Amino acid sequence: MAAQGVKLGIRIAVAAAALLAVYFGVGAKKSAAPEDATYDIVIANGNVMDPESGLDAVRNVGISGGQIRAISSEALKGKQTIDAKGLVVAPGFIDLHEHGQEPRNYQFQARDGVTTSLELEAGTADVDSWYAAREGKSLINYGVSIGHIPVRTKVLTKISSDSGLGGKLSPADMAAQDAAAHRQATPEELVQMKEAMEQGIQEGCQTFDQALFAMYRDGIIVLDQALINADSANNLRLKIKLAGLKVDQEPVPAQAPGQDASRQEPVQAAVGFRLRKN
Ligand SMILES: [Zn+2]
């Protein structure tokens, strides 16, 4: 896998550091280069951007033993050197909203510099199976949330599309899913959906909207705040309905409205999922 990653990096050098961040560890130690050091890999002459330190300049990056060992304006010696002249060398990008969660998608994302691909909107109907399908054979880091759309689809059709929008389905299965999307769930199906969602949360996952739902339910934010921040306002409305809460009923806010800065932060902090590194 490492060899494949390096090959991609050579072709599209903008992704080189991103890929290296995956294979050699994000947040690796960076130090001045010992003069006689020979690194396993050197990414030379790229415009290195490091948000952590604010660095934005042409530098050489030396990597050995799976870690970034040096970021230097001096030339570095490497057993292998990747020339990144005229290209950006940056930490891997994190995509929070990525439905493409198949091996082919990961290849394209790596070429865009994405090293962590997260399906946190649609999610999956079965968290453990989703991770098991990717364990040990994915090019980049990945993660998923439990999601109402695939759960509803699976309960109403018994067809699982794995990653929600990224699975391969036959035309007949797609037609069945389409039909299910336009019919009302039975009371029994609603119970199954709630159970599947709760199981997913127990397995370590929740969607942005699930986090918003919990905050609304607990009176931390009002309905308007939840819906404005929702990835899918309709899904969130449905979650609220399923919980027996009235969509037009607003709990008393825990804090005074108008504190815009405080609205966003808990939303981010409340979301949980299991990140898998490959
Ligand atoms: Zn989407």
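Since this is a predicted model, take the numbers as computed values, not measurements.

Thresholds applied
- Residues numbered from 1 in each chain as written.
- Predicted model: local features only at pLDDT ≥ 70, side-chain atom pairs only at ≥ 80, totals over all residues.
- Helix = DSSP H or I, 4+ residues; strand = E, 2+ residues; numbered from the N terminus.
- Buried ≥ 20, exposed ≤ 12 C-beta atoms within 10 Å, placed from the backbone.
- Contact = placed C-beta atoms within 7 Å.
- Core = buried A, V, L, I, M, F, W, Y, C linked by C-beta atoms within 7 Å.
- Axes fitted to C-alpha atoms, helices over the stretch in contact; angles between N-to-C directions.
- Parallel < 35°, antiparallel > 145°, perpendicular 65-115°, else oblique.
- Left-handed = near helix turned anticlockwise from the far one by under 90°.
- Pairing = 2+ DSSP bridges.
- Nonpolar A, V, L, I, M, F, W, Y, C, P; charged D, E, K, R; others polar.

Novice: A description of the overall build of the protein should follow, citing residues and the corresponding values.
Specialist: Along its length, the protein carries 11 helices and 8 strands. For the protein, buried positions account for 38% of its 278 residues. Counting contacts in the protein only where the partners sit at least 6 residues apart, residues at least 24 apart contribute 69% of the total.

Novice: Tell me about the nonpolar core, and name the residues and values.
Specialist: The nonpolar side chains of a soluble globular protein tend to be buried with one another. By size, the foremost hydrophobic cluster in this structure holds 16 residues, and its most contacted members are Ile 41, Val 42, Ile 43, Val 61 and Val 89. When contributions to this core are tallied by element, the ones reaching two or more residues are strand E1 (38-50), strand E2 (55-64) and strand E3 (67-72). Considering each element in turn, this core owes the most residues, 6 residues, to E1.

Novice: Summarise the packing of helix H8 (residues 208-217) against helix H10 (residues 233-242); cite the residues concerned and give the values.
Specialist: Put simply, H8 and H10 touch, their axes get as near as 10 Å, and they point 45 degrees apart. By the criterion of interaxial angle, the relationship of H8 to H10 is oblique. As H8 runs across H10, the sense of the crossing is right-handed. Here Asp 209, Gln 210, Leu 212, Phe 213 and Tyr 216 of H8 lie close against H10, whose contacting residues are Asn 235, Leu 236, Lys 239 and Ile 240.

Novice: Account for the sheet that holds strand E7 (residues 114-124), naming residues and giving values.
Specialist: An order of E6-E7-E8 is seen for the 3 strands of this open sheet, with the pairing classed as parallel. Since the sheet does not close on itself, it has two edges, and those belong to strand E6 (93-95) and strand E8 (141-146), each with one partner. Ignoring which end each strand starts from, the neighbouring axes of this sheet average 10 degrees apart. Here 3 bridges tie E6 to E7, and the two strands are oriented parallel to one another. Opposite Phe 93, over in E7, you have Val 114 as the bridge partner.

Novice: Pulling in residues and values, what's your account of the packing of helix H5 (residues 148-157) against helix H6 (residues 171-181)?
Specialist: Between H5 and H6, whose axes approach to 9 Å, the crossing angle comes to 105 degrees. Comparing their axes, H6 and H5 come out roughly perpendicular. Residue-level contacts link Thr 153, Leu 156 and Thr 157 of H5 to Ala 176, Gln 177 and Ala 180 of H6. Residues belonging to the contact of H5 with H6 are distributed by class as follows: 3 nonpolar, 3 polar and no charged.

Novice: If you had to explain the environment of Glu 52 to someone new, which residues and values would you point to?
Specialist: Here Glu 52 lies in the loop between E1 and E2. Using a count of 8 C-beta atoms within 10 Å as the deciding quantity, one classes Glu 52 as exposed. Spatially, the C-alpha atoms of Glu 52 and Pro 91 are 9.7 Å apart, while their sequence positions differ by 39 residues.

Novice: Can you lay out the pairing of E3 for me, pointing to particular residues and giving the numbers?
Specialist: As paired elements, E2 and E3 share 5 bridges and run antiparallel to each other. In the sheet register, Ile 63 faces E3, and the bridge partner there is Ile 68. Between E2 and the antiparallel strand that follows it, E3, lie 2 residues; Gly 65 among them carries a positive phi value of about 55 degrees.

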